[in-house]
Amino acid sequence: MSLTGNFVLVLLALLTIAAVAVVVRYWSRFANRGFKSLAGRAGAIAGVQLMLLLTVCAAANDYYGFYSSWGQLAGLASGDLGGSGAAALGNGQTSSTVTVQSTGGLQMPNGSDPQKVGELQYTTIHGQRTGLSATAIIYLPPQYFQAAYKDTDFPAAIVSTGYPGDVTKLVSLLRYPSRLATGIALGTDKPMVLVMMSPMIVAPRDTECTDVPGGGPQAESFWADDVPNAVEHQYRVTGQARGWGLIGDSTGGYCALKVAMMNSDKFGAAVSLSGYFDALEDGTTGDLYGGSQSYRNANDLMWRIENLPSPPISVLLTTSKSGEDDYHSTLDFAKDAKAPMKVSTLIRADGGHNFSTWNAEIAPAMQWLSNQLD
Amino acid sequence: MIGFGINSKKFILVLGLLTLILFVLTIWLWPRLAGRTKRAMSGRIGLLAVCQLALVATVLATGNAYFGFYTSWKDLLGLGSQSYTLTNKGDVNPGQSAAQLASVVTSGYGAQGTVVTAKMTGSRSGIDAQLSIYLPPQYNAADYAKRDFPAVVVDAAGEGDPGPIVAKLLAQGNPAAAVVVVVSTSDNSADQGSGISCSDVPGGMQGDLFWGQDLRTAINARYRVGLGADDWGAVADAQNGTCPVTFALEDADRYSAAAVLGAWQPPSASGSDTDPAWYLKTFPAPPSRLLFSDLGRPVSQVLPGVRSPLQVTTATGMDVPAAVTWLTQTLEGGAAA
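Residues numbered from 1 in each chain as written. Chains lettered and ligands numbered in written order. Predicted model: local features only at pLDDT ≥ 70, side-chain atom pairs only at ≥ 80, totals over all residues.

S.K.: Help me understand the pairing of strand β6 (residues 179-184) of chain B, please; the structure alone is not making it clear to me.
M.R.: Both faces of the sheet carry side chains from a regular strand, because those side chains alternate between them. Residue and element names in this part refer to chain B. For β6, a buried count of six out of six residues is recorded, marking the element as mostly surrounded by other parts of the structure. Bridging between strand β4 (residues 128-135) and β6 involves five bridges; their strand directions are antiparallel. The residue of β6 that forms the bridge with Tyr134 is Val180. Relative to β6, strand β5 (residues 151-155) runs parallel, the two being bridged by five bridges. Looking at the pairing, Ala151 lines up with Val179 of β6. (Buried ≥ 20, exposed ≤ 12 C-beta atoms within 10 Å, placed from the backbone. Helix = DSSP H or I, 4+ residues; strand = E, 2+ residues; numbered from the N terminus. Pairing = 2+ DSSP bridges.)

S.K.: Sorry if this is basic, but what is going on with the interface of chain A and chain B here?
M.R.: The extent of an interface is frequently quoted as the accessible surface area lost upon association of the parts. At the interface, 70 residues of chain A touch 61 residues of chain B. Elements with a minimum of two residues in the side of chain A that touches chain B: α1 (6-25), α2 (35-64), α7 (219-234), α9 (293-298), β8 (314-322), β9 (342-350) and α12 (355-372) of chain A. Here β9(A) pairs with strand β1 (residues 84-89) of chain B via six bridges, running antiparallel. Looking at the pairing, Leu346(A) lines up with Leu86(B) of β1(B). (Contact = placed C-beta atoms within 7 Å.)

S.K.: When you look at the nonpolar core in this model, what are you seeing that I'm missing?
M.R.: Here is a general trend for soluble globular proteins: nonpolar side chains tend to be buried in one another's company. One finds Leu194(A), Val195(A), Met196(A) and Ala260(A) to be the most contacted residues of the largest nonpolar core, which totals 83 residues. The biggest single contributor to this core is helix α8 (residues 251-262) of chain A, with eight residues. The next biggest cluster of nonpolar side chains, apart from the first, holds 69 residues, and it includes Val245(B), Ala257(B), Phe283(B) and Leu291(B). (Core = buried A, V, L, I, M, F, W, Y, C linked by C-beta atoms within 7 Å.)

S.K.: How do you make sense of the confidence of the model for chain B when you look at a structure like this?
M.R.: Interpretation of the predicted coordinates at a detailed level should be avoided for regions scoring low in pLDDT. Here chain B shows a mean pLDDT of 89. Residues at 70 or above account for 93%. Here the predicted complex carries an ipTM of 0.90, next to a pTM of 0.92. (pLDDT = per-residue confidence, 0-100.)

S.K.: Help me out: how do you make sense of the sheet that holds strand β1 (residues 97-105) of chain A in this one?
M.R.: The strands that make up a sheet pair up through hydrogen bonds in the backbone, lying either parallel or antiparallel. Strand order across the open sheet formed by ten strands is β1(A)-β2(A)-β3(A)-β5(A)-β4(A)-β6(A)-β7(A)-β8(A)-β9(A)-β1(B), with mixed pairing between neighbours. Each edge of the open sheet is held by one strand with a lone partner, namely β1 of chain A together with β1 of chain B. The sheet shows a mean angle of 20° between the axes of neighbouring strands, direction not considered. Taken strand by strand, helix α6 (residues 176-186) of chain A contacts β2 (119-126), β3 (133-140), β4 (156-160) and β5 (193-197) of chain A, and its axis lies near 165° from that of β5(A). Contacting β4, β6 (244-249), β7 (269-273), β8 and β9 of chain A together with β1 of chain B, α12(A) crosses the sheet at an angle of about 170° to β7(A). (Axes fitted to C-alpha atoms, helices over the stretch in contact; angles between N-to-C directions.)

Structural data, given as structure tokens:
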């Protein structure tokens with residue numbers, strides 16, 4: 001029984017209705033005086049409310065795609081955030097690989113022919129260096145299937161959800177592939193391959209795309225080394241830094257900016273939609289920095305921009321004057337960045353830390369990103 | 001609505017109180033709605049529904065305030081301004097990789113090869129170094145004009161003076177077709193023996209940015225050398241041997257082969273993230289190749305846990321040019337044995 005999907009939702013909704021019906025039907029049993037009767041009433045109300053709350057939570061999770069499996073929820077509840085994650089020790093794998101589970105067309109007004117709208121591939125990426133594996137949805141643009149481009153190595157971008165996040169929402173809710181396809185058709189965006197992922201690699205732990213010291217998950221190396229290697233190995237994708245970018249919202253934005261800043265020989269551009277700059281540590285992250293303040297600083301992007309040379313990358317940072325709390329830090333970051341870094345900012349008058357904001361920003365952000373890469 | 005912001009404490013408190021009041025009210029009115037009339041029936045359903053609505057609203061408002069999704073009513077209702085401004089500042093100079101090298105002096109030695117000296121300032125690490133770049137005679141030959149060469153980095157930091165190494169490279173009879181980059185710290189004798197750190201030291205020297213990114217991009221921008229890990233190898237004497245081993249193990253995406261000449265001692269900080277043996281024990285073995293010459297001990301004593309696809313070769317009596325030849329053959333897919 002999958003956590004997401006209609007089955008659980010319909011079941012919960014039916015149970016809620018049933019609970020209401022039962023309470024209304026047997027109402028008179030608790031209508032007497034006495035403590036027992038009072039407790040029964042309170043229990044009945046609480047029970048119905050619990051059912052409704054569960055239904056609302058499941059519906060919200062379905063829509064926004066925070067958690068995609070019962071295991072992730074169980075891990076959070078038990079405080080087991082996922083161990084080192086580097087399980088595939090000594091497997092002798094010589095390079096990172098992409099395993100394609102299924103492919104599907106993108107449903108667009110002009111049909112689903114790959115030559116017209118591109119193709120989605122539902123895959124697992126197995127990292128050679130880190131031993132980590134992750135689900136990725138890879139979008140190949142229409143040009144990838146056109147004869148005129150058969151010898152072209154395409155630029156590529158890692159596209160990320162926030163934390164927690166379900167990768168399928170990048171297609172269905174934030175609509176990165178269809179927005180890119182539309183932009184390409186209009187001539188505003190250039191063709192590129194999208195590698196859509198969640199930063200929740202060792203679910204449900206929030207690794208903040210960090211190489212966790214002491215044998216913890218090497219989440220930064222997975223994104224920086226394993227993912228590009230695997231994708232370059234299997235697809236007609238460039239190996240040049242100026243052809244690789246990253247884009248994501250919230251935690252995904254922090255990750256995009258961090259991975260590009262730390263690996264500017266492999267990535268040329270990054271977009272951080274409502275990303276933050278500080279190195280988080282909380283209940284869902286656990287100890288990410290091995291207790292070292294210096295290593296935490298190295299993962300603090302504001303510290304990096306203030307204390308290290310600015311790397312040779314182009315970045316786009318988005319925020320709002322009203323609704324986001326990273327407005328001032330975004331301006332500070334842009335001010336402290338020095339040559340040879342390019343810093344672009346997209347600043348909205350209004351807009352909170354939510355999907356309507358990102359939905360409004362993704363089209364211009366993808367246009368910016370695809371034109372940085374070649 | 002002033003004071004009743006969507007994420008204000010006041011708003012959530014009011015919702016919470018309302019929920020509580022409705023809860024108590026329902027319990028209190030319960031007996032009066034116990035009849036069988038239509039009115040009683042709809043009263044029950046109505047009260048239950050209002051109770052639940054209040055609770056759901058409270059929970060949603062609390063969650064929203066905690067995670068900071070919507071911070072204003074305007075935003076929730078989609079009434080906020082959709083306008084934005086996109087500002088660009090600066091531009092990445094396409095020549096910035098090459099610009100890491102300055103004071104470039106090229107001296108030709110005919111059939112022996114070419115030596116380039118340059119001062120390097122790593123654009124990411126900020127680390128300064130002195131480079132002596134040896135280009136083999138093939139580099140300028142017409143047959144090789146369109147060919148990329150592998151690169152071998154020689155960490156001569158401990159010696160300070162790259163001169164003897166370069167002289168040996170020039171003097172060898174049958175030079176390997178590789179670009180050899182001899183790295184020393186800039187003519188500052190105080191740096192001797194300290195060298196450039198093998199990895200990024202938090203709060204200190206960003207050695208990994210230097211060796212992994214700055215140096216490779218600088219050479220790639222100026223010479224016909226690719227940026228793949230299979231294009232890059234490194235060699236050092238026993239004293240500086242930890243760096244090449246670290247590159248080939250922990251930065252296997254940038255260096256795929258390494259050689260250490262002499263009785264290398266692994267770092268004393270065993271069991272930490274900077275210990276190659278610990279790294280190998282903890283993470284998958286990379287597809288790299290290592291050469292130890294005159295190690296004086298079995299490899300399993302200094303680097304336990306070697307396994308496929310990592311390959312280790314031992315030798316005796318190798319000097320830098322011989323190690324460069326071995327690395328070049330290895331990088332070109334030749335026999336590593």
